[in-house]
Amino acid sequence: MHKVSIIGAGVVGTAMGYLLKERGYPIVGIASRTIESAKKAREFIGEGEASTDIRATAKKADIVFITTPDSAIEKVCIKVASEGGFNPGAIVFHMSGALSSEILGSARNVGVNVASIHPLQSLADVREAVKNLSGSYFCIEGDEVALSVAREIVAALRGKEITLEADKKPLYHAGASVASNFLVATVGFGLELFEAAGIGKEDSLNALMPLIKGTVKNIEILGIPSALTGPISRGDTGVIEGHLKAISDEKPEMLRLYSELGRYTVKVAIEKGTIEKDEAKRIISLFDKYQSGGDDGQDNNQ
Ligand SMILES: NC(=O)c1ccc[n+]([C@@H]2O[C@H](COP(=O)([O-])OP(=O)(O)OC[C@H]3O[C@@H](n4cnc5c(N)ncnc54)[C@H](OP(=O)(O)O)[C@@H]3O)[C@@H](O)[C@H]2O)c1
């Protein structure tokens, strides 16, 4: 089995080290910016030498994971490559979703195979990451040799793979961010409207959770566009105008966001086949009307 070193002993590096050790990969080195993080990761993983020496850590291994924050990956790779830290025939991975394997060019230039392996997951702490990484989707791209090892690793984690061209990673990562981070932001937007309606923040989230979970379940079971419900899906212009009027009265700064999300929702409703093109036009013209100031001619488009 390939010997593995990890540089960057944070959430992802520690969880990957733990899982790979569990699946039979010897973890030989764990390096971090601070020795405290490296030691903490070593304790969790159960093997590997903790260090702050990234060159020495890479030198022990056949596979090196650079799991630092995205902003440090290239610097770390250049440093190890320029100091001769990568063994001949070694493989270097990073796990960023936004960056491609091109960022590991300094390793490639010294004859090392490189790839990126991005877990399509939100990993907030090590214990949760260990649970969630297994069975996740992993987006992989890079050199053929590194890709074949990436596939072995994904299979060892009982994951599923998505392959991508290097230049498509920013678009792919934007998609992941919209579906995950913007979901959080959209719930925040809903909470703000509840608050404006006089419902306390905590009660609002508790009350919305069953609706949010039900919606996510519908997405899982029915997919998009079938999971869409609500006034736009039904073409109910009276209700939509009621929303727009209330928002323009109470939270005018939110009108543009509501309207832009609404415009995209109209597209989904057309795809679902529950509204016709002329109903869609009527809804869009409502958004236009309120974004340009509603009935009173006031400019709410901020
Ligand atoms: N978290 C997620 O949800 C998630 C999901 C998918 C992919 N990823 C990717 O996984 C990678 C790691 O993310 P993370 O969430 O695990 O970050 P993290 O918890 O912040 O961990 C990063 C670790 O890197 C170490 N580090 C920083 N600069 C370093 C350097 N110059 N040399 C050596 N070590 C250094 C830090 O060490 P110290 O503690 O010693 O300062 C820190 O522990 C990123 O590429 C990220 O995009 C994250």
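Chemist: Help me understand the pairing of strand β2 (residues 27-31) in this model?
Modeler: Across a regular strand the side chains alternate sides, sitting on one face of the sheet and then on the other. When you tally the buried positions in β2, you get four out of five residues, the bulk of the element. Here strand β1 (residues 4-7) runs beside β2; their pairing, made up of four bridges, is parallel. By the bridge assignment for β2, I6 is matched with I30. In this fold, β1 hands off to helix α1 (residues 11-22), which returns the chain to β2; that crossover is right-handed. One ladder, built from three bridges, connects β2 with strand β3 (residues 49-51); its direction is parallel.

Chemist: What exactly am I supposed to notice about the domain arrangement of the protein chain here?
Modeler: Much of the literature gives interface size as the accessible area that the parts lose upon coming together. Parsing the protein chain into structural domains produces domain 1 (4-164) and domain 2 (172-291). Computed from C-alpha atoms alone, the centre-to-centre distance between domain 1 and domain 2 is 39 Å. In this complex, domain 1 contributes six residues to the contact, which on the side of domain 2 involves four residues.

Chemist: What am I meant to see in the sheet that holds strand β7 (residues 137-142) here?
Modeler: Sheets are built from strands that pair by backbone hydrogen bonding, the pairs being arranged parallel or antiparallel. Strand order in the open sheet formed by eight strands is β3-β2-β1-β4-β5-β6-β7-β8, and the pairing between neighbours is mixed. Because the sheet does not close on itself, it has two edges, and the strands there are β3 and β8 (160-163). If you compare each strand with its neighbour and ignore which way they point, the axes differ by 25 degrees on average. Relative to β8, β7 is paired through four bridges, and the arrangement is parallel. Bridging across to β8, F138 finds its partner in E161.

Parameters and conventions
- Counting starts from 1 at the beginning of each chain's written sequence and moves along it residue by residue.
- Reporting in this predicted model follows two pLDDT cut-offs: at least 70 for local features of residues, and 80 or more for side-chain atom pairs to be given and counted; totals over whole chains, interfaces and linings ignore these cut-offs and use all residues.
- With C-beta atoms placed from the backbone, a residue counts as buried when 20 or more other C-beta atoms lie within 10 Å of its own, as exposed when 12 or fewer do, and as partly exposed for counts between those limits.
- Here a strand is any run of E in DSSP of at least two residues, a helix any run of H or I of at least four, and the numbering for each starts at the N terminus.
- Note on pairing: DSSP must find at least two bridges between two strands before they are called paired.
- Whether a crossover is right-handed depends on one test, that the path from the first strand over the helix to the second runs clockwise when the strands point away from the viewer.
- The domain boundaries here were taken from an automatic or database domain assignment.
- The contact criterion used is a C-beta to C-beta distance within 7 Å, with each C-beta placed from the backbone.
- Every axis corresponds to a line fitted to the C-alpha atoms, with the helix fit spanning only the stretch in contact, and the corresponding angles, defined between N-to-C directions, vary from 0 to 180 degrees.

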